[in-house]
Amino acid sequence: QVQLVESGGGLVQAGGSLRLSCAASGLTFRHYAMGWFRQAPGKERELVAAISWSGSITHFIDSVKARFTISRDNAENTVYLRMTRLKPDDTAVYYCAADFFGDARAAVHDYEYWGQGTQVTVSS
């Protein structure tokens, strides 16, 4: 079965950095766009960043542009989210998700598979 397993979350001070990883199995990874979403308490799940199946298209929400980067390693079936200059507003559970032949779409309903999430907490 398809599994997406996130890792790399934790507690960090404002201004710090983290790198999240999402290891995929049970699917042909290179055929899937990958997205990183986050959900803070009391808020809706939102896309943070996405990368198309080809790797040629990326999408970021405005609040993380120039701070976060997304990359993928098809040989390792892994997608990464590098987060720098973290802010307390970045605190959330971060989920990775897979979208078959997607082009870095932003909607939750576009993604077929989801990981269990990893907590990121940024202290002020």
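Note: the structure precedes this text.
Residues numbered from 1 in each chain as written. Predicted model: local features only at pLDDT ≥ 70, side-chain atom pairs only at ≥ 80, totals over all residues. Heavy atoms only, no water.

S.K.: I would appreciate a short explanation of unusual backbone geometry in the present structure.
M.R.: Peptide bonds are, in most cases, trans, and in most cases residues other than glycine have a negative phi. Positive phi, close to 55°, is recorded for Asn77, a residue that is not glycine. Mapped onto the fold, Asn77 is located in the loop between strand 7 (68-73) and strand 8 (78-83). A relative accessible area of 26% places Asn77 in the partly exposed class. The phi dihedral of Arg85 falls on the positive side, at around 45°, and the residue is not glycine. In this structure, Arg85 sits in the loop between strand 8 and strand 9 (92-100). (Helix = DSSP H or I, 4+ residues; strand = E, 2+ residues; numbered from the N terminus. Buried < 20%, exposed > 50% of the residue type's maximum accessible area, 1.4 Å probe, protein only.)

S.K.: For this particular structure, what's the right way to read the pattern of salt bridges?
M.R.: Opposite charge on two side chains permits pairing when their charged atoms draw close. Under the criterion given, the structure shown has six salt bridges. Close ionic contact of Glu46 with Arg38 constitutes a salt bridge, the shortest N to O distance being 2.8 Å. Judged by its relative accessible area of 35%, Glu46 is partly exposed. Assessed through its relative accessible area of 6%, Arg38 is described here as buried. A cluster of three or more residues bridged by salt bridges with shared partners is formed by Arg38, Glu46, Arg67 and Asp90. (Salt bridge = Lys/Arg side-chain N within 4 Å of Asp/Glu carboxyl O.)

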